[in-house]
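The chain contents come next:
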Amino acid sequence: MQETERPKRRIGRRAARAPLATLALAVLVLATAWFGGAAVAQGAKPAPPKPAASTTPAQPAPQQPAVVANLESAKTALEEIEKALAADFHFDEPLAEMRRRLTPMRSELRDTIASLEDEANQATAQLKQLGDAPEDDEPKEDAGVAAERAKLVKRQGDIEAALKQARLLTVRADEASEKVTDLRRGLFTRELFARNAGLFSHTFWTDVRDALPSETGRIVQLLRAWWMYASTSASQGSLIGAALTLLGFGLAAVLLLRWLRHRMVDEGLAVRFDRAYQAVMVLVGYAVTMPGAVLVTVLVLENFGLMPAWIKALGIGLALSVLTASSGRAVAHALFAADQPSRRLFGWSDAEASRATAHLTWASRALGAAYFLNLLHKTTTAPIALTVATSALLSIVIAGLSFDFMWRTAKGSVVDETPSGPGLSVVRVLLGLFVAAILVPLVVGYIALSAFVASRLVIVLTLAGALVIVDAFVDALFTQVLSSASERGRAFAALLGLSPRGLDLIATLLSAVIRLSVLVLAILAVLGPWGVFADDVLTKLAEAAFGWQVGGVTISIQTILGAIAILLLGVLAVRGAQRWLETSFLPRTALDPGLQHSISTLFGYAGLIGVLAAVLGAVGIDLQKIALIAGALSVGIGFGLQSIVSNFVSGLILLAERPIRVGDWVVVKSEEGFVRKISVRATEIETFDRASVIIPNSEFITSAVKNWTHGNTLGRVSVKLRVAYDSDVERVRDILVGCARAHPLVLRAPPPSVYLLGFGEIGLDFELRCILANVENGLSVKSDLHVAVLREFREAGIKIPYPPHDERVPGPILLEEPTR
């Protein structure tokens, strides 16, 4: 009864929420359309009349090529940057702006160089087609050809000049970028290790006390200026429109949160994927809600003309500060799940999870508050003492929270007499090291260094928790959902046409790529707030993506990925065509199976060679540059690869001359069996015991090989036997020939024959010889003939002699001679 009523209650809830969602959407649309249109109408100005079409003829296009103009522009910008770098004093913001200008400039210069090189190659190829100019004693060529050659020579010279200038500018831009990086790293180091008066200095606290009134006054002036701007520029319609828009967004957010909470029902949490999925949902919900609300408020107020630009910058900073605080809270609730132990990803107790959640939440809030206060100090141009005091306060709060967590968890484990959760002891040790790294510089006077360590501690803890959540989700997704062991995974594999093993392989590769990408993003996020080292990493990644020179060949990530794509697609195409030949085309021809196998194998080798040539061409290696590789391979062959090359060449000879084929019955050395596969290095033979023997191909070329089925499958079976001297020889011969002719697998032509081989010591030696259509049936035919001949001999009374031997008579063993 409960199961039938539960869907009805859910349907009723959804029906009740539907009018609310419709109402919120209608309010949002109407407010944006009406009041936004009114605001635009109030601020709109009449468009100026379009000027009459000029009758002056258009100026001709400048003669200077666009490439040269771009190079001149880059040269001017680069000279400005170099002049700024030559100054004695530098600041981080101008240096960061230089880096932002240099990064696209370097990329554009590299693109220009690549384009000019292509044009130079084209001009050179065209000149080669025209050939050299005739000598004085040679007949003159056509005037049009000479003019075209002169034009191409001039074009080639212009391109070479532009190419040289572009390469020179690229070198100068790289040097300027490296200098900017060095200067920013030096500024970062000086700021980080700058020593202040310290917390125990009376001057420090005096400066802070004197700076507070001025800071407060500037904040009041800022708010007053905002109020005056809003009161003078905004109308009543803008106020109502902003209020209704915010109300609509608020209702939509409430409904969305209620839907998410309805989805987060505490059911089926025994499955690891469900716990990871709900952890991700909690992480996203907690991290996005409050920052999104602040950002939407700022954008709505700006859109309705209620917020000036300088307040918008503070609003964006407030949204980032709230994001910092919300991220730590989201990670704490998603990872430790103090209120829902069933979805907890760590095996910690409820008390330990509650402590971890509370401390990480307050630490992230402290970091977010410090970030916003520093932004406020920068906006109001507050004295440096307030910035230092904010950093010191952040260090003290983070160190206090860390020590309190260490003390409470250690005390709880002692009082409860229970061991700490897995990894909690290691966390306490690491927190102790961080607390020491925070307090020691703070006491000595290196407040910036102390604040740096404190902020990095919170960021590392937050990102490490988020990394654990995402890693658990990705691992559970690809091992439980998208795997061949699950029904959904098998359905997904059937949809893509993959085998279960192929699905597991692709899932493993995707899981590794996603985990590595998330780890790189987390590292960049840790380095990002200070900018210097993150820029270095991003610059190296960008240079690697564009390419680097190795032996005159440009290798880049894009080139490598393209070559890998060509290799994979080429191999798949070759294998598919080879399989089509083996299964569809060649079996319908009159060729024997061995020749079919040879054709398909050679086609596969040729296709792979073509794919390899295409891959080398995509990388930028032409066939002429293979000479170096061939020389290295020749040295290797001379020292130890002779057998490999010999087997490879022998395999090609076997496929071409076909002394053996797939399915042949061969005898090579001491091995005998059927040829199952001829590969590049070796040949697989299946013996009569169903064992596979791998024999190098050179053995079939350099040694004697017996092939029972090389020309055809005909084979001879011989049956040797001995009869008594008193036997009728004619009768014996008739019986042997009759048994052979009676067998269905023995050929009638040539007919079976019987030979008297000789006179033995105890009888006459005969041999029956007959021909079979398929020598593979020789053993079974020989056995049938033995049985038939023995039966006929017994019926005809023909005896088979055997040598004299002693036969033991059953009875007791005589130990001594009996007495008479």
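Residues numbered from 1 in each chain as written. Predicted model: local features only at pLDDT ≥ 70, side-chain atom pairs only at ≥ 80, totals over all residues. Heavy atoms only, no water.

Caption draft 1: The packing of aromatic side chains, seen in detail. All told, the structure shown has 8 aromatic pairs when counted by the stated rule. Relative to F585, the ring of W580 has its centre 5.5 Å away and its plane inclined at 20 degrees; by these criteria the two rings are stacked. Given the relative accessible area of 48%, W580 is considered partly exposed. Looking at F585, the relative accessible area reads 42%, which means it is partly exposed. For the pair W665 and F674, a centre-to-centre distance of 6.0 Å together with 45 degrees between the ring planes defines the contact as tilted. For the residue pair W665 and F674, the accessibility class agrees, reading buried in each case. (Phe/Tyr/Trp six-rings, centres within 6.5 Å; stacked < 30°, edge-to-face > 60°. Buried < 20%, exposed > 50% of the residue type's maximum accessible area, 1.4 Å probe, protein only.)

Caption draft 2: Spotlight on the sheet that holds strand 10 (residues 764-772). Strand order across the open sheet formed by 3 strands is 8-10-9, with antiparallel pairing between neighbours. Every interior strand has two partners, whereas the edge strands, strand 8 (715-723) and strand 9 (753-759), have only one. Direction aside, neighbouring strands of the sheet carry axes that sit 25 degrees apart on average. One ladder, built from 6 bridges, connects strand 9 with strand 10; its direction is antiparallel. Across the sheet, the residue bridging to G758 is D765, located in strand 10. Contacts between helix 22 (residues 778-796) and the sheet are confined to strand 8 and strand 10, with strand 8 contributing the most and set at about 30 degrees to the helix. (Pairing = 2+ DSSP bridges. Helix = DSSP H or I, 4+ residues; strand = E, 2+ residues; numbered from the N terminus. Axes fitted to C-alpha atoms, helices over the stretch in contact; angles between N-to-C directions. Contact = heavy atoms within 4.5 Å.)

Caption draft 3: Geometry of the nonpolar core. Among the nonpolar cores identified, the biggest contains 39 residues, and L283, A334, F336, L394, I398, I438 and I469 are the most heavily contacted of them. Among the elements that make up this core, the one with the highest residue count is helix 12 (residues 447-481) (8 residues). Ignoring anything within four residues of it in the chain, the contact list for A334 reads A279, V282, L283, R343 and I469. (Core = buried A, V, L, I, M, F, W, Y, C linked by side-chain atoms within 4.5 Å.)

Caption draft 4: Region of interest: a negative patch on the surface. Together, D132, E135, D136, D137 and E138 make up a region of like negative charge exposed at the surface. With respect to the helices, strands and loops of the structure, D132 is situated in the loop between helix 3 (92-130) and helix 4 (143-192). By relative accessible area, which is 75% here, D132 ends up exposed. (Patch = residues over 30% accessible without salt bridge, like charges linked within 9 Å, V, L, I, M, F, W, Y side chains within 5 Å. Areas by Shrake-Rupley, 256 points an atom, 1.4 Å probe, with all protein chains shown as cover. Salt bridge = Lys/Arg side-chain N within 4 Å of Asp/Glu carboxyl O. Lys, Arg positive; Asp, Glu negative; His and termini not counted. Charge placed at Lys NZ, Arg CZ, Asp CG, Glu CD.)

Caption draft 5: Region of interest: the packing of helix 7 (residues 272-303) against helix 12. The N-to-C vectors of helix 7 and helix 12 enclose an angle of 140 degrees; their axes lie 8 Å apart at closest approach. Remark: the crossing between helix 7 and helix 12 carries left-handed chirality. Between helix 7, through R272, F273, A276, Y277, A279, V280 and L283, and helix 12, the contact on the second element is made entirely by I469, A472, F473, D475, A476, L477, T479, Q480 and V481. Grouping the constituent residues of the contact of helix 7 with helix 12 by class yields 12 nonpolar, 2 polar and 2 charged. (Left-handed = near helix turned anticlockwise from the far one by under 90°. Nonpolar A, V, L, I, M, F, W, Y, C, P; charged D, E, K, R; others polar.)

Caption draft 6: Just the confidence of the model for the protein chain, in detail. Taken as a whole, the protein chain shows an average pLDDT of 78; of its residues, 81% reach a score of 70 or greater. Across the protein chain, the secondary-structure element scoring lowest on mean pLDDT is helix 1 (residues 2-43), at 38, and the one scoring highest is strand 10, at 92. pLDDT under 50 marks residues 529-534. Its contacts with residues more than four places away, or in other chains, come to 17 contacts. (pLDDT = per-residue confidence, 0-100.)

Caption draft 7: Up close: helix 2 (residues 66-85). Between the first and last C-alpha of helix 2 there are 28 Å, a value that for 20 residues agrees with the 28 Å anticipated at 1.5 Å per step. Those residues of helix 2 that sit buried are L71, A74, A77, L78, I81 and L85. Relative to the axis of helix 2, the buried residues are bounded by an arc of 135 degrees and lie together on one face. Residues of helix 2 that are buried in the fold lie against helix 3 and helix 4. (Expected span 1.5 Å × (residues − 1). Arc of directions from axis to C-beta.)

Caption draft 8: A look at the sheet that holds strand 5 (residues 682-687). If you walk across this open sheet you meet the 5 strands as 6-5-4-3-7, and the pairing is antiparallel. Of all strands in the sheet, those with a lone pairing partner are strand 6 (692-696) and strand 7 (705-707), marking the two edges. Going from strand to strand, the sheet's axes swing by 40 degrees on average, the running direction of each strand aside. Inspection of the sheet shows strand 5 paired to strand 6 by 5 bridges, in the antiparallel sense. Its bridge partner being in strand 6, A682 is matched across the sheet by P696.

Caption draft 9: Summary view of unusual backbone geometry. The peptide bond linking A749 to P750 adopts the cis configuration, its omega dihedral lying at -5 degrees. Within the secondary structure, P750 sits in the loop between helix 21 (729-742) and strand 9. A positive phi angle, close to 65 degrees, is found at R690, a residue other than glycine. Within the fold, R690 resides in the loop between strand 5 and strand 6.

Caption draft 10: Layout of the environment of G317. Structurally, the position occupied by G317 is in helix 8 (residues 309-336). Residues G317 and F372, spaced 55 residues apart in sequence, show a C-alpha to C-alpha distance of 6.4 Å. Beyond its immediate chain neighbours, meaning those up to four positions away, G317 contacts Y371, F372 and L375.

Caption draft 11: Examining the environment of W227 more closely. Looking at where W227 falls in the secondary structure, it is placed in helix 5 (residues 202-233). Owing to a relative accessible area of 64%, W227 belongs among the exposed residues under this scheme.

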